[in-house]
Amino acid sequence: FEKAEHIHGIDIGNEGSAFVEILVGNSTSACEQDFEVLLVSSFFMSPTESRNGAPLNRVRMFGSEKLAKATLGKKWDRVKVVCTQPYNKVSAVPVRHRPFQSLCDPSVFEEIEL
């Protein structure tokens, strides 16, 4: 993000990942590798769905009640999206998401494609 923001929700549009995890960090952190878990690895596809390749498109919305409590009171300006697909090694694991809901102006956040 251009500046650090509080994150209180996230909408994830999945296109083939079995699991998605969201990590957050700060550019002011002492170590560039310091990230904290915002959303624990979350289920998007069963092993059977993954192997069969359908349904690939699924959207899940996570409000503040689903996010890690330790991250809610802090502001973040870095995000790392971890996508995994352990059940289908042939399939790519793209994710589309309108990433984050903040208390600031919603136009600050654009839809991004990873």
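Since we're looking at a predicted model, the values are computed, not measured.

The rules behind these values
Residues numbered from 1 in each chain as written. Predicted model: local features only at pLDDT ≥ 70, side-chain atom pairs only at ≥ 80, totals over all residues. Heavy atoms only, no water. Helix = DSSP H or I, 4+ residues; strand = E, 2+ residues; numbered from the N terminus. Polar contact = N/O pair within 3.5 Å; in protein donor to acceptor, adjacent residues only side chain to side chain. Contact = heavy atoms within 4.5 Å. pLDDT = per-residue confidence, 0-100. Buried < 20%, exposed > 50% of the residue type's maximum accessible area, 1.4 Å probe, protein only. Pairing = 2+ DSSP bridges. Axes fitted to C-alpha atoms, helices over the stretch in contact; angles between N-to-C directions. Phe/Tyr/Trp six-rings, centres within 6.5 Å; stacked < 30°, edge-to-face > 60°.

Describing the side chain of Ser42
- Tracing the backbone shows Ser42 in strand 4 (residues 36–43).
- For Ser42, the side chain forms a polar contact with the main-chain oxygen of Val40, separated by 2.7 Å.
- Not counting chain neighbours up to four residues away, the residues in contact with Ser42 comprise Ala18, Phe19, Val20, Arg60 and Phe62.

Some thoughts on the confidence of the model for the protein chain
- On average, the protein chain scores 79 in pLDDT, and the residues at 70 or more come to 75%.
- By mean pLDDT, strand 9 (residues 112–113) is the weakest element of the protein chain at 40, and strand 4 is the strongest at 94.
- Under a pLDDT of 50 for its full length, residues 102–114 has, in the predicted model, 26 contacts with residues more than four places off or in other chains.

Some words on the side chain of Gln85
- Looking at the secondary structure, you find Gln85 in the loop between strand 7 (78–84) and strand 8 (95–101).
- Exposure remark for Gln85: the relative accessible area of 9% places this residue in the buried category.
- A distance of 2.8 Å separates a polar side-chain atom of Gln85 from the backbone oxygen of Gly16.
- Looking at Gln85, its side chain comes within polar contact range of the main-chain nitrogen of Tyr87, at 3.1 Å.

Observations regarding the pairing of strand 3 (residues 19–25)
- Of all seven residues in strand 3, five are buried, a share of seventy percent or more.
- Two strands pair when backbone bridges link them, and strand 3 and strand 4 are joined in this way by five bridges, in the antiparallel orientation. Within the sheet, the bridge partner assigned to Phe19 lies in strand 4 and is Phe43.
- Of the strand pairs in this sheet, strand 3 and strand 7 are connected by seven bridges, and their pairing is antiparallel. Note that in strand 7 the partner of Phe19 across the bridge is Thr84.

A look at the sheet that holds strand 3
- Here three strands make up an open sheet; going across it, the order is 4-3-7 and the pairing antiparallel. Both outer strands of the open sheet, strand 4 and strand 7, are each paired with one neighbouring strand and no more. The sheet shows a mean angle of 10° between the axes of neighbouring strands, taken without regard to direction.

Section: the packing of aromatic side chains
- Applying the stated criterion across every chain yields a total of three aromatic pairs.
- With a centroid separation of 6.5 Å and an interplanar angle of 65°, the aromatic rings of Phe19 and Phe43 are classed as edge-to-face. Of the two residues, Phe19 is situated in strand 3 and Phe43 in strand 4; the sequence distance between them amounts to 24 residues.
- Its relative accessible area of 44% is what places Phe43 among the partly exposed residues.
- Between Phe19 and Tyr87, the aromatic rings sit 6.2 Å apart at their centres with planes inclined by 50°, giving tilted as the arrangement.

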